[in-house]
Each structure stands twice: as structure tokens, then as C-alpha cells.
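Letter by letter, the chains look like this.
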Amino acid sequence: MSELRERADQEAAELVERFAEAWSRMDPDAFTPLFQPGVRLIHPLERNTRGVAEARDFMARTMHLVPDLRYDVQGWASGSGQVLIWGRLYGTLGGRSIEWPLVDRITVEDGLIAERTAYFDPLVIIGAVLRRPRAWLPYLGNRLRRFRAGRGPGNRGGGA
């Protein structure tokens, strides 16, 4: 294996380790050192975020909705400046357990996350929110906070 490939694999392994550590802390600020200044986060349920502040706000909203949210990293692969991490997210939503598989595709620049695209079935979360009245208020509160932050219907922010 070439020295360049070995270095890239080591950089990817370190990023995965730091990513898993950030998830274990349950603190939105734990992610900010992992992000490039212009980081872009892409999600099935949210509009795209750009920049560290928006990314941190997204993580805070997510952790507010599922306060004990954990990410069980089950594996990863890297190549061509990309890291794929797959695993399961789990926690408590509306007083009951929720769990879903996901894959994160991460673009790495200088050892930091430049872009993260999360792939998962959003119907797991939507269905759980709809079936759990105790989740309605936190979910709507998250939507309102996002709207007040300028990412409401009138300001699409270029996102999904």
C-alpha cells in the first residue's frame, strides 16, 4: 500500500474516532471542532445547513428532540476524499425508544468535515412523532426555533 493511501486511511480512522467520540458526549459543541468553517450538512428531514453555527444549531435541535440520542458506529470505509460511516441512531422520543439505521457520507478536507450527507428513512422519525403525543411539543418547538433563526419557509437556504 502506498504511503499516501496509508496516510489517508489513518486520517479517516482518526476522523471516525473523533466523530464517534463527539456523539458519545451528547453535546452539540462536541462537533464544532470536527467541522470546516464552511461545513455543509444535508439531511432528509431538515434544510441544508452551511457553516459551523448552523451545523451546531442543527445538532442542538436534534439533541433537544431526542435528548439521549446515541450513534452506534458499526463500520466505516474511505476513499477518494470520502468517508462512509454506518450504524444506528437510538434514544428516547416521546417517552419511548426509537432506533434507526443510517449511513453518513462525509467529505474530508484537511482532516475535517467539509460536508456530511445523512442517509436514512425519515418515515421512522415522522411516524414516531405522529404516534407519540409527548413528542409533538418538542418537535414543534424545534420547527419554531428553526423558523425564528431565519430558515423558515420563506428562506430555503438552498436545502433539501
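Because the structure is predicted, anything quoted here is derived from the model rather than measured.

Trainee: Just give me the short version of the nonpolar core, but keep the residues and values in it.
Mentor: Counting 36 residues, the largest nonpolar core has Phe19, Trp23, Phe31, Leu93, Ile106 and Ile113 as its most contacted members. For this core, the secondary structure elements donating two or more residues are helix H1 (3-25), strand S1 (35-42), helix H2 (52-65), strand S4 (82-93), strand S5 (96-109), strand S6 (112-119) and helix H3 (123-131). Per element, the largest residue contribution to this core is 6 residues, and it comes from H1. Apart from the residues lying within four places of it in its own chain, the contact partners of Ile113 are Leu15, Phe19, Leu34, Phe35, Gln36, Val39, Ile106 and Thr107.

Trainee: Got a sec to walk through the packing of aromatic side chains? Specific residues and values, please.
Mentor: On inspection of all chains with the given rule, the structure shows 5 aromatic pairs. Note on Phe19 and Tyr71: the rings are 5.6 Å apart at their centroids and 80° apart in plane angle, and the pair reads as edge-to-face. Residue Phe19 is found in helix H1, and its partner Tyr71 is found in strand S3 (residues 70-79); the two are separated by 52 residues along the sequence. Clustering of aromatic rings is evident, with ring pairs tying together Phe19, Trp23, Phe31 and Tyr71.

Trainee: I'd like to hear about the sheet that holds strand S2 (residues 49-50), residue by residue, with values.
Mentor: Strand order in this open sheet of 6 strands is S2-S1-S6-S5-S4-S3, and the pairing throughout is mixed. Of all the strands in the sheet, the pair left with one neighbour each is S2 and S3. As paired strands, S4 and S5 are joined by 12 bridges and run antiparallel to one another. From the neighbouring strand, Trp86 faces S5, where its bridge partner is Val103.

Trainee: Report on a nonpolar patch on the surface, specifying residues and quantitative values.
Mentor: Taken together, the side chains of Trp76, Leu84, Trp86, Val103 and Tyr119 present a nonpolar region at the surface, about 430 Å² in accessible area. Among the structural elements, Leu84 can be located in strand S4. Here Leu84 falls in the partly exposed class, since its relative accessible area comes to 35%.

Trainee: How would you summarise the environment of Gln36 if you had to cite specific residues and measurements?
Mentor: Relative to the helices and strands, Gln36 resides in strand S1. C-alpha separation for the pair Gln36 and Leu112, spaced 76 residues apart in sequence, amounts to 5.7 Å. Not counting residues within four places of it along the chain, the set of residues in contact with Gln36 comprises Val52, Glu109, Asp110, Leu112, Ile113 and Ala114.

Trainee: I'd like to hear about the confidence of the model for the protein, residue by residue, with values.
Mentor: Averaged over all residues, the pLDDT of the protein equals 87, while 91% of them reach at least 70. Predicted confidence is poor over residues 152-160, with pLDDT under 50, and the contacts of this stretch with residues over four places away or in other chains come to 17 contacts.

Reading guide: rules and limits
- Residues numbered from 1 in each chain as written.
- Predicted model: local features only at pLDDT ≥ 70, side-chain atom pairs only at ≥ 80, totals over all residues.
- Heavy atoms only, no water.
- Core = buried A, V, L, I, M, F, W, Y, C linked by side-chain atoms within 4.5 Å.
- Buried < 20%, exposed > 50% of the residue type's maximum accessible area, 1.4 Å probe, protein only.
- Helix = DSSP H or I, 4+ residues; strand = E, 2+ residues; numbered from the N terminus.
- Contact = heavy atoms within 4.5 Å.
- Phe/Tyr/Trp six-rings, centres within 6.5 Å; stacked < 30°, edge-to-face > 60°.
- Pairing = 2+ DSSP bridges.
- Patch = residues over 30% accessible without salt bridge, like charges linked within 9 Å, V, L, I, M, F, W, Y side chains within 5 Å.
- Areas by Shrake-Rupley, 256 points an atom, 1.4 Å probe, with all protein chains shown as cover.
- Salt bridge = Lys/Arg side-chain N within 4 Å of Asp/Glu carboxyl O.
- pLDDT = per-residue confidence, 0-100.

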